[in-house]
Amino acid sequence: MTDTVTRSINHAQFTIEREVPVAPAVVFQAFADPAVKAKWFGGEEGWEQGESSVEFAVGGREVNEGTFQQKMTSRFVATYTDIIDNERLVYTYDMWLNGSHISTSVATWEFEPTATGTKLTLVEFGAHLDGFDTGAQREEGTVGLVDALVNYLVSQA
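For the structure given in this document, a descriptive report is provided here. (Residues numbered from 1 in each chain as written. Predicted model: local features only at pLDDT ≥ 70, side-chain atom pairs only at ≥ 80, totals over all residues. Heavy atoms only, no water.)

Topic: the pairing of strand 7 (residues 117-129)
- Counting buried positions along strand 7 gives 11 out of 13 residues, so the element sits mostly inside the fold.
- As defined by bridge partners, strand 1 (residues 9-20) adjoins strand 7 across 12 bridges and the pair is classed as antiparallel. Bridge pairing in strand 7 places Glu17 opposite Thr121.
- Here strand 6 (residues 100-114) runs beside strand 7; their pairing, made up of 12 bridges, is antiparallel. Its bridge partner being in strand 7, Thr108 is matched across the sheet by Val123. (Buried < 20%, exposed > 50% of the residue type's maximum accessible area, 1.4 Å probe, protein only. Helix = DSSP H or I, 4+ residues; strand = E, 2+ residues; numbered from the N terminus. Pairing = 2+ DSSP bridges.)

And the structure:
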């Protein structure tokens, strides 16, 4: 007997804004330097890192795969489509969960200088596939990721 999946696409968009007490160049380095990015991107308790690579350049690809609590394997594969040093990033990315393709998204990050540091603005547009993921779930997970970035950046201030 073959498992059947009900095919569907759920589209979603969200925006997350934060202010951090560091210059845009410090924020940009948190993405551009793979060693720095590894300090805030993923790696929560119970995470076993799998494949990980970063080619931070327009047209470059980033892969981050790992298993959480020996149960759930997540795979993130991104392609950078626009990089303006210290100002913005744009990338597309696909997510898989336990081998099932769950979404394709476009993410834009803007780093705007402020009197006290940087205003971060993330806008994400997603196509969430076959009921494996929803826009609300992705936003919730992304808020956690942005909070981890902010915590790292505050520790650098």
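Some details on the packing of aromatic side chains
- This structure, assessed with the given rule, holds 12 aromatic pairs.
- When the ring of Trp40 is compared with that of Phe41, the centres are 5.7 Å apart and the planes differ by 85 degrees; the resulting orientation is edge-to-face.
- According to the relative accessible area criterion, Phe41 is buried, its value standing at 14%.
- Seen in terms of ring centroids, Tyr91 and Tyr93 are 6.0 Å apart; in terms of plane orientation they differ by 50 degrees. Their pairing is tilted. Tyr93 matches Tyr91 in its accessibility class, with the two residues each being buried.
- Through a chain of ring-to-ring contacts, the aromatic side chains of Phe28, Phe31, Trp40, Phe41, Phe56, Phe76, Tyr80, Tyr91, Tyr93, Trp109 and Phe111 assemble into a single cluster.
- A cation over an aromatic ring shows up here: Lys37 above the ring of Phe41, its NZ or CZ 4.5 Å from the ring centre. (Phe/Tyr/Trp six-rings, centres within 6.5 Å; stacked < 30°, edge-to-face > 60°. Lys NZ or Arg CZ within 6 Å of the ring centre and 35° of its normal.)

Regarding the nonpolar core
- Counting 31 residues, the largest nonpolar core has Trp109 and Leu153 as the members making the most contacts within it.
- For this core, the secondary structure elements donating two or more residues are strand 1, helix 1 (24-32), strand 4 (72-84), strand 5 (88-97), strand 6, strand 7 and helix 3 (135-156). (Core = buried A, V, L, I, M, F, W, Y, C linked by side-chain atoms within 4.5 Å.)

As for the side chain of Asp133
- On the secondary structure map, Asp133 appears in the loop between strand 7 and helix 3.
- Judged by relative accessible area, Asp133 falls into the buried class, the value being 7%.
- Within polar-contact distance, the side chain of Asp133 engages the side chain of His128 at 3.0 Å.
- A polar side-chain atom of Asp133 sits 2.4 Å from a polar atom in the side chain of Arg138.
- The contact partners of Asp133, leaving out residues within four places of it in the chain, are Ile102, Ser103, His128 and Arg138. (Polar contact = N/O pair within 3.5 Å; in protein donor to acceptor, adjacent residues only side chain to side chain. Contact = heavy atoms within 4.5 Å.)

A word on the sheet that holds strand 2 (residues 47-54)
- With respect to topology, 7 strands assemble into an open sheet ordered 1-7-6-5-4-3-2, the strand pairing being antiparallel. Lying at the two open borders of the sheet, with one neighbouring strand each, are strand 1 and strand 2. Adjacent strand axes in the sheet meet at a mean angle of 15 degrees, parallel and antiparallel pairs treated alike.
- Across 10 bridges, the pairing between strand 5 and strand 6 is antiparallel. Bridged to Arg88 within strand 6 is Glu110.
- Each of strand 1, strand 4, strand 5, strand 6 and strand 7 touches helix 1; the most contacted strand, strand 6, lies at about 160 degrees to it.
- Lying on the sheet, helix 3 is in contact with strand 1, strand 5, strand 6 and strand 7; it crosses strand 1 at an angle near 20 degrees. (Axes fitted to C-alpha atoms, helices over the stretch in contact; angles between N-to-C directions.)

By themselves, these observations are geometric and do not establish any function.
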